[in-house]
Amino acid sequence: NTRPQRPVAVRTPAMNIVYTLPTGPTQVAAQATTPGKCFELFVTDDIINVIVMWTNQKIDVVTNNYTKHTATVKRTSAAEIRALIGVLVFSGYRKDNHLGTKELWCPISGAPFYKAAMSEVRFSFLLQCLRFDDFTTRDERRATDKFAAIRSVWDKFIDYCTIHYTPHENLTVDEQLLAFGGNCPFRMYIPNKPAKYGIKLIMMNDAKTKYLLKGIPYLGKDGTRVRGGLQLGHMFTKEITQLYHNTNRNVTTDNWFTSVPLITDL
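Residues numbered from 1 in each chain as written. Predicted model: local features only at pLDDT ≥ 70, side-chain atom pairs only at ≥ 80, totals over all residues. Heavy atoms only, no water.

For the protein, an unreviewed UniProt entry supplies the name Transposase and the organism Hirondellea gigas.

Structural data, given as structure tokens:
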């Protein structure tokens, strides 16, 4: 037949009807009208204060080896940590994050923004001392959690991602390799990924807006405990979507996560 058939009006099944909840940014997030206020929704004062506290702890240890305590090696503050994050974000925006500090702070080719934020030596010193947890107790916590060095800050950030947004009816679960070349026990090598070396994150996003709702780091075979005798993809999908169970949303995964027990479970 050369003429398409008319679609017959069919009633939407009850399992495909999402509860009538407002989707998109929550009321608090919708009031953030500038990029700075939006950024503060996720990197909040409590996260900044945690970074300041443990970074100062490391600075106190490092400065014991210095005979002169100049401004370059002084303790940091919340304003300076925000400036440090600003420099890192700005370098990514300009695609300068692959350059060395000599080039970033170059008086001829470098952006004036970097020198306005802080000196090159201060920037390098802060990166050397930057900490997100109490390093004196890290070994004890790392015995049960390989992500201990940044766990508290990571969990706070992911909680804020979830709190400030109500997703639409379609969710996606997939993996992403976050490029990282440092020393890390669960760093992975995946040759078919653009970055090849990095940390694998299991992420759930809103399919309509690409918004990150939740993320779980993959800590390798030794660092990831499979619970309930489930397949690894099954466990990750069930755990990462738990907050939205029984809300009649649709979850799309690729073949690494998909299994008959998972589909039956969901």
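What follows picks up the thread again.
A. Up close: the layout of surface pockets. Computed from the structure, the largest pocket encloses a volume of approximately 1600 Å³. If you trace the largest pocket, you find 43 residues lining it, with L130, F132, I150, L178 and F180 closest to the centre. Per-element tally for the lining of the largest pocket: the top contributor is helix α4 (residues 78-93), with six residues. Grouping the constituent residues of the lining of the largest pocket by class yields 31 nonpolar, six polar and six charged. Mapped onto the domain boundaries, the lining of the largest pocket takes at least three residues apiece from domain 1 (37-137) and domain 2 (168-265). If you trace the second largest pocket, you find 20 residues lining it, with R249, N250, V251, I263 and L266 closest to the centre. Elements with a contribution of two residues or more to the lining of the second largest pocket: β7 (250-253) and α12 (260-265). The leading source of residues in the lining of the second largest pocket is β7, at four residues. Within the lining of the second largest pocket, the residues separate by chemical class into seven nonpolar, ten polar and three charged. (1 Å grid on protein atoms, 1.4 Å probe; cavity = no way out; pocket = protein on both sides within 12 Å on 5 of 7 lines; lining within 4 Å. Points joined across faces, edges and corners; volume = space filled by probe spheres on them. Helix = DSSP H or I, 4+ residues; strand = E, 2+ residues; numbered from the N terminus. Nonpolar A, V, L, I, M, F, W, Y, C, P; charged D, E, K, R; others polar. Domains from an automatic or database assignment.)

B. Focus on the packing of helix α3 (residues 45-62) against helix α9 (residues 151-163). One can describe the packing of α3 onto α9 by two numbers: an axis separation of 10 Å at closest approach and a directional angle of 170°. As summarised for this structure, α3 and α9 are arranged roughly antiparallel, according to the angle between their axes. Touching D46, I47 and V50 of α3 are S152, V153, K156, F157 and Y160, all from α9. The residue inventory of the contact of α3 with α9, partitioned by class, reads five nonpolar, one polar and two charged. (Axes fitted to C-alpha atoms, helices over the stretch in contact; angles between N-to-C directions. Parallel < 35°, antiparallel > 145°, perpendicular 65-115°, else oblique. Contact = heavy atoms within 4.5 Å.)

C. Up close: the pairing of strand β6 (residues 212-217). The buried fraction of β6 is high, at five of six residues. Where strand β5 (residues 197-206) lies against β6, five bridges are found, and the strand directions are antiparallel. Directly across from M204, in β6, lies its bridge partner K214. From the end of β5 to the start of β6, which pair antiparallel, there are five residues, and K210 there has a positive phi angle of about 65°. (Buried < 20%, exposed > 50% of the residue type's maximum accessible area, 1.4 Å probe, protein only. Pairing = 2+ DSSP bridges.)

D. Just the environment of H245, in detail. Within the fold, H245 resides in the loop between α11 (232-240) and β7. Here the alpha-carbon distance between H245 and T12, two residues 233 residues apart in the chain, equals 20 Å. In contact with H245, not counting residues within four places along its chain, are K238 and L266. A distance of 3.0 Å separates polar atoms of two side chains, one belonging to H245 and the other to T241. (Polar contact = N/O pair within 3.5 Å; in protein donor to acceptor, adjacent residues only side chain to side chain.)

E. The arrangement of the domain arrangement of the protein in detail. Structurally, the protein comprises domain 1 (37-137) and domain 2 (168-265). For domain 1 and domain 2, the distance between their C-alpha centroids amounts to 31 Å.

F. View of the pattern of salt bridges. Counted by the stated rule, this structure contains 13 salt bridges. Linking D133 and R141 is a salt bridge whose minimum nitrogen-to-oxygen distance equals 2.6 Å. Looking at R141, the relative accessible area reads 29%, which means it is partly exposed. Each of D133, R138 and R141 takes part in salt bridges that share partners, so that together they form one network. (Salt bridge = Lys/Arg side-chain N within 4 Å of Asp/Glu carboxyl O.)

G. Representation of the nonpolar core. Counting residues in hydrophobic clusters, the biggest one holds 56 residues, and the most contacted among them are I81, L84, W105, I202, M204, L213 and F236. Among the elements that make up this core, the one with the highest residue count is α3 (eight residues). Two domains each put at least three residues into this core: domain 1 (37-137) and domain 2 (168-265). (Core = buried A, V, L, I, M, F, W, Y, C linked by side-chain atoms within 4.5 Å.)

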